[in-house]
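If you want the building blocks of each chain, they are given just below.
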Amino acid sequence: MTVERNPAEFRLGKPLVVAIDGPSGSGKSSISREAARRLRAAYLDTGAMYRAVTLYCMEAGIDLDDAVAVEAAARAADIELSTSPDAEFVRVSGRDVTDAIREPIVSSSVSAVATTLGARAELVRRQQQLIKDSGLRIVAEGRDITTVVAPLAEVRILLTASEEARLRRRGVQLGGTQSAAQLKEQVITRDAKDSTVVNFQQAADGVVTIDSSDLDFEETVQAVLDVVYASTH
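Report follows, based on the coordinates.

Here we come to the environment of Lys 132. As for its position among the elements, Lys 132 is in helix α6 (residues 117-133). For the pair Lys 132 and Val 17, spaced 115 residues apart in sequence, the C-alpha to C-alpha distance is 9.8 Å.

Structure follows, in C-alpha cells:
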C-alpha cells in the first residue's frame, strides 16, 4: 500500500543514504535519479566513475589487462562527477566525457576496470567521500553500494528485473542502435564478468529486493520510495 508522504520533506535534518544495487538494465540509474530528485537528495552514479577510468585508460593507451597500470590510472585520473540529479555530467581532466563514456566500446571494456581490485578500492574511496560531501542525503547506485560502499546506509535496496525486461529496457535506452548480440554483451556478459568480484544478483542480509519486471517507471520509483519510508523513521 502506497504511503502518502512528501518525499522532499522526509527525514530532514537526519542522514538519508539510499544505497541501490542491481544488474545491468534493471533501471538503477533512471530510477535512482528520479528518487533522488523527489527526495531532494544528491545522486551518485558509481558506474560512471568506472566508465570514466576505462575511457582514461583507453585514451592513454593503457593495457586494461595490466592490473598495476589500471590501478595507477584509477589513482591518477582527474574525475569530476555531478551529484545533482538535475545536472548530469562527467569530466576527465576538465573535458566533458558524459556521452563518450556511454559508447559501446567503453561499455564492453568497463568490466576490466571494475574487476581490478586495486582500482576498485580507489574508486570506492572516492565514492565514499562523495557521499560524505553530500551531507549524507544521497541516492547512490551501482554494484556494491549496499555491501561495500555504504553498508551502513539507512536504506539498502537490490533493484532487479528479468533478463528479458533488462534486455528490452537497455535496447530502448540506446535508441534501438544495438543488435541483439551487442545488447547481450552489454547486459548479460558484463554482469557475468562483474559478478566475479561482487555479488549484485542476490540481496545481502538486510537488503530489500524490488523486482521491477512487471512495473512501469512510476511504479518502480514509488516502490523505492515506499521502501525508503518503511526502512527509516
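Now that the structure has been shown, the text picks up again.
With that out of the way, let us pick up the pattern of salt bridges. Under the counting rule described, the total for this entry stands at 14 salt bridges. By sharing partners, the salt bridges in this structure join Glu 34, Arg 37, Arg 38, Asp 86 and Glu 218 into a single network.

The strand order across the open sheet built from three strands is β3-β4-β5, with neighbouring strands paired in antiparallel fashion. Either end of the sheet is taken by a strand with one partner, and the two such strands are β3 (79-81) and β5 (95-96). Pairing geometry for strand β4 (residues 90-92) and β5, over two bridges, is antiparallel. Each residue of the ladder has a partner; that of Arg 91, found in β5, is Asp 96. Those strands touched by helix α2 (residues 46-60) are β3, β4 and β5, and its axis lies near 150° from that of β3.

Bringing the pairing of strand β7 (residues 155-160) into the picture now. In terms of residue burial, β7 counts as a mostly covered element, since six of its six residues are buried. Burial of β7 is two-sided: the residues Val 155, Ile 157 and Leu 159 facing one way and the residues Arg 156, Leu 158 and Thr 160 facing the other way are all buried. By the bridge criterion, four bridges tie β7 to strand β8 (residues 208-211) in an arrangement that is parallel. Bridge pairing in β8 places Ile 157 opposite Val 208.

The strand order across the open sheet formed by five strands is β2-β6-β1-β7-β8, and the pairing between neighbours is parallel. Of all the strands in the sheet, the pair left with one neighbour each is β2 (42-45) and β8. Averaged over all neighbouring strand pairs, the angle between strand axes comes to 20°, with direction disregarded. When β2 meets strand β6 (residues 137-142), the two strands line up parallel, connected through four bridges. In the sheet register, Tyr 43 faces β6, and the bridge partner there is Val 139.

Bringing the packing of aromatic side chains into the picture now. Scanning the model with the defined rule gives one aromatic pair in all. For the pair Phe 10 and Tyr 229, a centre-to-centre distance of 5.0 Å together with 70° between the ring planes defines the contact as edge-to-face. Highlighted residues: Phe 10 in the segment before β1 (16-21) and Tyr 229 in helix α10 (residues 217-231), separated in sequence by 219 residues. Of the two residues, Phe 10 and Tyr 229, both sit in the buried class.

In this structure, Arg 11 is a non-glycine residue whose phi angle is positive, near 60°. Within the secondary structure layout, Arg 11 lies in the segment before β1. With relative accessibility at 19%, the residue Arg 11 sits in the buried group. Its identity as a non-glycine residue notwithstanding, Arg 40 has a phi of 55°, on the positive side. Taking the relative accessible area as the measure of exposure, Arg 40 reaches 67% and is therefore exposed.

Right, let's get into helix α1 (residues 28-39). An α-helix turns once per 3.6 residues; consequently, residues spaced three or four apart project the same way. In a regular helix each residue adds 1.5 Å, so 12 residues correspond to 16 Å; α1 covers 16 Å between its end C-alpha atoms and thus fits that length. Among all positions in α1, only Lys 28, Ile 31, Ser 32, Arg 33, Glu 34, Ala 35, Ala 36 and Leu 39 are buried. On its buried face, α1 sits against β1, β2, β6, β7 and α10. Downstream of α1 by a residue or two, Arg 40 has a phi angle that is positive, lying close to 55°.

In this section: the layout of surface pockets. Volume-wise, the second largest pocket comes out at about 200 Å³. Around the second largest pocket, the lining residues are Pro 15, Val 17, Gln 128, Ile 131, Lys 132, Leu 136, Val 149, Ala 150, Pro 151, Leu 152, Ala 153 and Glu 154. In terms of residue count, α6 provides more of the lining of the second largest pocket than any other element does, three residues in total. Of the residues assigned to the lining of the second largest pocket, the class counts are nine nonpolar, one polar and two charged.

Definitions and cut-offs
- Residues numbered from 1 in each chain as written.
- Predicted model: local features only at pLDDT ≥ 70, side-chain atom pairs only at ≥ 80, totals over all residues.
- Heavy atoms only, no water.
- Helix = DSSP H or I, 4+ residues; strand = E, 2+ residues; numbered from the N terminus.
- Salt bridge = Lys/Arg side-chain N within 4 Å of Asp/Glu carboxyl O.
- Pairing = 2+ DSSP bridges.
- Contact = heavy atoms within 4.5 Å.
- Axes fitted to C-alpha atoms, helices over the stretch in contact; angles between N-to-C directions.
- Buried < 20%, exposed > 50% of the residue type's maximum accessible area, 1.4 Å probe, protein only.
- Phe/Tyr/Trp six-rings, centres within 6.5 Å; stacked < 30°, edge-to-face > 60°.
- Expected span 1.5 Å × (residues − 1).
- 1 Å grid on protein atoms, 1.4 Å probe; cavity = no way out; pocket = protein on both sides within 12 Å on 5 of 7 lines; lining within 4 Å.
- Points joined across faces, edges and corners; volume = space filled by probe spheres on them.
- Nonpolar A, V, L, I, M, F, W, Y, C, P; charged D, E, K, R; others polar.

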